[in-house]
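Chain by chain, the residues run as shown.
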Amino acid sequence: MSTGELLTSEPSELKFTFEPGKQISCFLQLSNKTDNYVAFKVKTTKPKKYCVRPNAGVVLPRSTFEVMVAMQAQKEAPPDMQCRDKFLLQSVKVNDGVTAKDITAEMFNKEAGHVVEECKLRVVYVSPPPVQEGSEEGSSAGVSDSDGRHANAAEFTSGARAFTEGLEAQDMSSKARALVTKLTEEKNKAIQQNNKLRQELELLRREGSKSGGGLSVMFVILIGLLGIIMGYIVKKSKV
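Residues numbered from 1 in each chain as written. Predicted model: local features only at pLDDT ≥ 70, side-chain atom pairs only at ≥ 80, totals over all residues. Heavy atoms only, no water.

Engineer: Can you walk me through the overall build of the chain in this structure?
Structural biologist: Of regular secondary structure, the chain possesses three helices and 10 strands. Secondary structure elements of the chain, listed N to C terminal, follow the sequence β-β-β-β-β-β-β-β-β-β-α-α-α. The contacts in the chain between residues at least 6 apart in sequence include a share of 71% that link residues at least 24 apart. (Helix = DSSP H or I, 4+ residues; strand = E, 2+ residues; numbered from the N terminus. Contact = heavy atoms within 4.5 Å.)

Engineer: Can you walk me through the nonpolar core in this structure?
Structural biologist: Nonpolar side chains in soluble globular proteins generally cluster together in the buried interior. The biggest cluster of nonpolar side chains holds 25 residues, and the ones touching the most others in it are Phe 16, Leu 30, Phe 40, Tyr 50, Val 69, Phe 87 and Tyr 125. At the level of secondary structure, the elements contributing two or more residues to this core comprise strand E3 (13-17), strand E4 (24-32), strand E5 (37-44), strand E6 (50-53), strand E8 (63-71), strand E9 (86-94) and strand E10 (117-126). Filtering out sequence-adjacent residues up to four positions away, Val 69 remains in contact with Leu 14, Phe 16, Ile 24, Ser 25, Cys 26, Tyr 50, Cys 51, Val 52 and Phe 87. Of all hydrophobic cores here, the second largest spans 10 residues; its members include Tyr 37, Val 92, Val 94 and Val 116. (Core = buried A, V, L, I, M, F, W, Y, C linked by side-chain atoms within 4.5 Å. Buried < 20%, exposed > 50% of the residue type's maximum accessible area, 1.4 Å probe, protein only.)

Engineer: When you look at the environment of Asn 36 in this model, what are you seeing that I'm missing?
Structural biologist: You can see Asn 36 is positioned in the loop between E4 and E5. Along the primary structure Asn 36 and Val 59 are separated by 23 residues, whereas in three dimensions their C-alpha atoms are 8.9 Å apart. Setting aside chain neighbours within four positions, we find Asn 36 in contact with Val 59, Leu 60, Pro 61 and Lys 93.

Engineer: I tried to follow the side chain of Lys 49 on my own but got confused; where do I start?
Structural biologist: Its place among the elements puts Lys 49 in the loop between E5 and E6. Residue Lys 49 is classed as buried on the basis of its relative accessible area of 18%. Discounting residues that sit within four places of it in the chain, Lys 49 has contacts with Ala 70, Met 71, Gln 72, Gln 74, Cys 83, Asp 85 and Tyr 125.

Engineer: Where do I start with the pattern of salt bridges in this structure?
Structural biologist: Two side chains with opposite charge may pair up if their charged atoms get near one another. This model, assessed by the stated rule, comprises six salt bridges. Between Lys 22 and Glu 19 there is a salt bridge, and its shortest N-O distance comes to 3.1 Å. By relative accessible area, which is 28% here, Glu 19 ends up partly exposed. A salt bridge links Asp 35 to Arg 62, with the nearest nitrogen and oxygen atoms 2.9 Å apart. Of this pair, Asp 35 sits in the loop between E4 and E5 while Arg 62 sits in the loop between strand E7 (56-59) and E8; the two residues are 27 residues apart in sequence, bridging distant segments of the chain. You'll find Asp 35 and Arg 62 in the same group, each marked exposed. (Salt bridge = Lys/Arg side-chain N within 4 Å of Asp/Glu carboxyl O.)

Engineer: I'm lost on the packing of aromatic side chains in this one. Help?
Structural biologist: Under the criterion given, the structure shown has four aromatic pairs. Aromatic side chains Phe 18 and Tyr 125 sit 5.0 Å apart centroid to centroid with 45° between the ring planes, which places their arrangement in the tilted category. Placement of the pair is Phe 18 in the loop between E3 and E4 and Tyr 125 in strand E10, with a sequence separation of 107 residues. An aromatic cluster of three or more residues is present, and its members are Phe 16, Tyr 50 and Phe 87. (Phe/Tyr/Trp six-rings, centres within 6.5 Å; stacked < 30°, edge-to-face > 60°.)

Engineer: Could you clarify how one ought to interpret the environment of Ala 190 in this entry?
Structural biologist: In this fold, Ala 190 is placed in helix H2 (residues 145-211). Along the primary structure Ala 190 and Ile 233 are separated by 43 residues, whereas in three dimensions their C-alpha atoms are 6.8 Å apart.

Engineer: Looking at this structure, I do not really get the sheet that holds E7. What am I missing?
Structural biologist: Adjacent strands of a sheet form backbone hydrogen bonds with each other and so pair up, either parallel or antiparallel. Spatially, the five strands line up as an open sheet ordered E3-E10-E9-E5-E7, and their pairing is mixed. Of all strands in the sheet, those bounded by a partner on one side alone are E3 and E7. In this sheet, adjacent strand axes meet at a mean angle of 25° when their direction is disregarded. Of the pairings in the sheet, the one linking E5 to E7 comprises four bridges and is antiparallel in character. In the strand pairing of E7, Ala 39 is matched with Val 58. (Pairing = 2+ DSSP bridges. Axes fitted to C-alpha atoms, helices over the stretch in contact; angles between N-to-C directions.)

Any functional reading would require information that these geometric values do not contain.
Below, the structure is given as structure tokens:
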């Protein structure tokens, strides 16, 4: 675990179980122990080798955020399984209500006077566990190396899709809430207009009964408007 004043990252090292020809992923959990909104950005010394999703975001107060890091398939392991790749986690306080869409590179510019907290994370390669001969797992794992690559790629794709769908669901949820609020306001206005028309209709009825005359043109118009408004309310309620 790497502990900072703004964010705590776990684990403190990005460990990849290295297997040649396979795409491998791991997860980094960021924890915000403060009462402030904290924006973060993840950088790496090898941007073409690694894929970070998301590479920037906002961690809400007293909450956690998970980042997925995937290493592209490598042809062979480095000598002695030593890796010099490194990641840099930058974090900075932001105003309440800031979202990932509001993050800019200027926020992490120290020269502009921003207080930026930085945490370095190194990459560690771990050898895969030995496979026992004659075991079912060993025989199935050794059937086809391409199968392993496809399975690992499918796992990464599935994880990335789930993360993207989660963001889209959050966005759709906010839009749905906004739509419901708008419809509720329109419904309340329609109800108020309906009540006003009812009062005017009752007044016309009383005046008509006093004068002894038939229904006036205005009375017929009000009845028509009342029917239109009631139909509008029913339609919006079904939506």
